[in-house]
Amino acid sequence: MKITKVDILYLAAVEHRHLVLCRVHTDLGIYGDGEVAGIHACRAAVGALQEFAAQIIGMDPLRTEEIWEKLYKGCFWGQNGGGITFSGIGALDIALWDIKGKYFKVPVYQLLGGKMRERVRCYASQIQFGWPPLYHTGQLTPQRTPEEYARTARLAVEEGFDAVKADLFTFRPVAGREGEFTREERGNAIHPRELQMIQARAAAIREAVGPGVDLLIENHARTDAFGGIQIARSLEQYQILYLEEPSTPAPYITKKIADQTEIPLASGERIYTRWQYIPYFENRSLAVIQPDIGNCGGFTETKKICDMAHAYDVGVQIHTCGGPLSTNIALQIEAVIPNFVLHEHHVNTRLTVNNGVCLQALQPEKGYLSIPDLPGLGNEISSEAYQMAQQVIVVE
């Protein structure tokens, strides 16, 4: 079996977010689909995909290790690269594993070691955007008051979720304002009024959902180490499962924050490949890693990272914030690994505009997602996606 061509689809999906998808074709008529992680520099990812796709034409798609090494070692900027490089490699690698599953007529998880669980526990992710009804056609709604955070958290819990995640810093209390103080005005420290805002929102969520629901806090690497420590300490009283990206992902910074708080730390959507994860494992700064399969080199690389984490007794929560295909992608590894923690179910998955690009868009039932048993990923790009795409590039 040989790779004959690669389709690259660039399409707008949700508000500012865009999707980059790919389909790898073979001479046997079997094709596989992949997705770049939900990144902002999507045009650059399209370029990376074009470069890498041209290098795998004529190769055997079942030889995923060989192809991964070829792309990694053959790209001058690939070694020790970042999100763009590994998004290009990752999307293609995912598609190759999809082909492999279809060729052997088994789900990808079967090729990765076989599933340990029939379903995975999910958390409602990014509730600062609200938690709209399924297949909502409107815009996501910024949550600003503690009462709004509480109401949104209750909506998720009423659906069956027993874990929710919020970024308490994304939106200012008053629309159209960037807050009482800018970073330039207040310096590196978080102003007390900002800490009060964060605490009020966390307190409202905790009171609304009670002690039997896990609360995860997102920070999107917005602050430096000093601010990250302030935020962590201010939230310790609210029974936080883990704090995500408290500062710029760097092993020594993360370690500094971990040493100053009782809240477990998580990070990973901006950490790429096993080589970049090693220092975090060695300094014991992360309780949970969050690799994104779509920007960390695909299944071939992410499975290695998960296995390394297991050796250090570190949990894994796959970062999942893209299109509906990314849900199926994440489930393949989450079904297999012993150190699985939670599945991220992003608010974007609830929007109609984000669901027409694939044949299906999996949604949890009572807070759990079942593992699909179809060959390959168990989902694929729809014909509508080709029509919706702003650009379709064919590499032969």
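No experiment lies behind these values; they were computed from the predicted model shown. (Residues numbered from 1 in each chain as written. Predicted model: local features only at pLDDT ≥ 70, side-chain atom pairs only at ≥ 80, totals over all residues. Heavy atoms only, no water.)

Peer 1: Outline the overall build of the protein chain, listing residues and values.
Peer 2: The helix and strand tally for the protein chain stands at 13 helices and 13 strands. Its C-alpha atoms give the protein chain a radius of gyration of 21 Å, within 12% of the compact-globule value 21 Å for 396 residues. Its C-alpha atoms give the protein chain principal-axis dimensions of about 60 × 45 × 40 Å. Burial analysis of the protein chain (396 residues in total) assigns 60% to the buried set. Long-range pairs, those at least 24 residues apart, make up 74% of the contacts in the protein chain between residues at least 6 apart in sequence. (Helix = DSSP H or I, 4+ residues; strand = E, 2+ residues; numbered from the N terminus. Rg over C-alpha atoms; globule rule 2.2 N^0.38 Å. Buried < 20%, exposed > 50% of the residue type's maximum accessible area, 1.4 Å probe, protein only. Contact = heavy atoms within 4.5 Å.)

Peer 1: Tell me what's going on with the pairing of strand β7 (residues 240-244), and back it up with residues and numbers.
Peer 2: Among the five residues that make up β7, four are buried, leaving the element largely enclosed by the rest of the structure. Note that strand β6 (residues 214-218) and β7 share three bridges and pair parallel. Opposite leucine 215, over in β7, you have isoleucine 240 as the bridge partner. For the crossover from β6 across helix α8 (residues 225-235) to β7, the handedness is right-handed. Note: β7 against strand β8 (residues 265-267), two bridges, orientation parallel. Bridge pairing in β8 links glutamate 244 to alanine 266. A crossover links β7 with its parallel partner β8, the connecting element being helix α9 (residues 251-258), and its sense is right-handed. (Pairing = 2+ DSSP bridges. Right-handed = clockwise from strand over helix to strand, strands pointing away.)

Peer 1: So what's going on with the packing of aromatic side chains? Residues and values would help.
Peer 2: Applying the stated criterion across every chain yields a total of ten aromatic pairs. Taking 6.3 Å as the distance between ring centres and 70° as the angle between the ring planes, the aromatic pair formed by tryptophan 97 and phenylalanine 299 counts as edge-to-face. On the criterion of sequence distance, the pair formed by tryptophan 97 in helix α3 (residues 83-104) and phenylalanine 299 in helix α11 (residues 298-311) is long-range, its members being 202 residues apart. Aromatic side chains tyrosine 103 and phenylalanine 104 sit 5.0 Å apart centroid to centroid with 90° between the ring planes, which places their arrangement in the edge-to-face category. Members of the aromatic cluster, joined through ring pairs, are Trp68, Tyr72, Phe86 and Trp275. (Phe/Tyr/Trp six-rings, centres within 6.5 Å; stacked < 30°, edge-to-face > 60°.)

Peer 1: If you had to explain helix α7 (residues 192-209) to someone new, which residues and values would you point to?
Peer 2: Helix length check: α7, at 18 residues, gives a terminal C-alpha distance of 26 Å against a target of 26 Å (1.5 Å per residue), a fit within 8%. Among the residues making up α7, those that are buried are Glu194, Leu195, Met197, Ile198, Arg201, Ala202, Ala204, Ile205, Arg206 and Val209. Within two residues after α7, glycine 210 carries a phi angle of roughly 80°, on the positive side. (Expected span 1.5 Å × (residues − 1).)

Peer 1: Tell me about the packing of α11 against helix α12 (residues 324-334), and name the residues and values.
Peer 2: Viewed as axis vectors pointing N to C, α11 and α12 meet at an angle of 40°, and their least axial separation amounts to 11 Å. Put simply, α11 runs oblique to α12. As α11 packs across α12, the resulting crossing turns out to be right-handed. When α11 is examined against α12, the residues Phe299, Thr302, Lys303 and Cys306 are found in contact with a partner set consisting of Ile329, Gln332 and Ile333. Residues that form the contact of α11 with α12 fall into these classes: four nonpolar, two polar and one charged. (Axes fitted to C-alpha atoms, helices over the stretch in contact; angles between N-to-C directions. Parallel < 35°, antiparallel > 145°, perpendicular 65-115°, else oblique. Left-handed = near helix turned anticlockwise from the far one by under 90°. Nonpolar A, V, L, I, M, F, W, Y, C, P; charged D, E, K, R; others polar.)

Peer 1: A description of the pattern of salt bridges should follow, citing residues and the corresponding values.
Peer 2: Tallied over the full model, the rule gives 19 salt bridges. Between glutamate 245 and arginine 270 there is a salt bridge whose closest N-O contact spans 2.6 Å. You can see glutamate 245 sitting in the loop between β7 and α9 and its partner arginine 270 sitting in the loop between β8 and α10 (273-283), a full 25 residues away along the chain. Given the relative accessible area of 0%, glutamate 245 is considered buried. (Salt bridge = Lys/Arg side-chain N within 4 Å of Asp/Glu carboxyl O.)

Peer 1: Give a detailed account of the state of the cysteines, specifying residues and quantitative values.
Peer 2: The full count for this structure, using the stated rule, is zero disulfides. Among the cysteines around cysteine 306, which has no disulfide bond, cysteine 296 carries the closest sulfur, lying 8.8 Å off. The exposure class assigned to cysteine 306 is buried, which follows from its relative accessible area of 0%. (Disulfide = S-S within 2.5 Å.)

Peer 1: Could you give an account of α10, with specific residues and numbers?
Peer 2: Of the positions making up α10, those classed as buried are Thr273, Arg274, Tyr277, Tyr280, Phe281 and Asn283. Two residues or fewer after α10 comes arginine 284, characterised by a positive phi angle close to 60°.

Peer 1: Outline the nonpolar core, supporting the account with residue identities and numerical values.
Peer 2: In terms of nonpolar packing, the biggest core is built from 82 residues, with Ile127, Leu168, Ile205, Leu235, Ile289, Phe299 and Ile333 touching the most fellow members. By residue number, the principal contributor to this core is α7, which donates six residues. Counting residues in hydrophobic clusters, the runner-up holds 34 residues, among them Cys22, Phe52, Leu92 and Val395. (Core = buried A, V, L, I, M, F, W, Y, C linked by side-chain atoms within 4.5 Å.)

Peer 1: Just give me the short version of a nonpolar patch on the surface, but keep the residues and values in it.
Peer 2: On the surface, Leu28, Tyr103 and Phe104 cluster together into a nonpolar patch covering about 310 Å² of accessible area. Mapped onto the secondary structure, phenylalanine 104 falls in helix α3. (Patch = residues over 30% accessible without salt bridge, like charges linked within 9 Å, V, L, I, M, F, W, Y side chains within 5 Å. Areas by Shrake-Rupley, 256 points an atom, 1.4 Å probe, with all protein chains shown as cover.)

Peer 1: I'd like a description of the side chain of glutamate 245, backed by residues and values.
Peer 2: There is a polar contact of 2.6 Å between the side chain of glutamate 245 and the side chain of arginine 270. Among all residues touching glutamate 245, those that are not within four sequence positions of it are Glu218, Asn219, His220, Ala221, Ala266, Ser267, Glu269 and Arg270. (Polar contact = N/O pair within 3.5 Å; in protein donor to acceptor, adjacent residues only side chain to side chain.)

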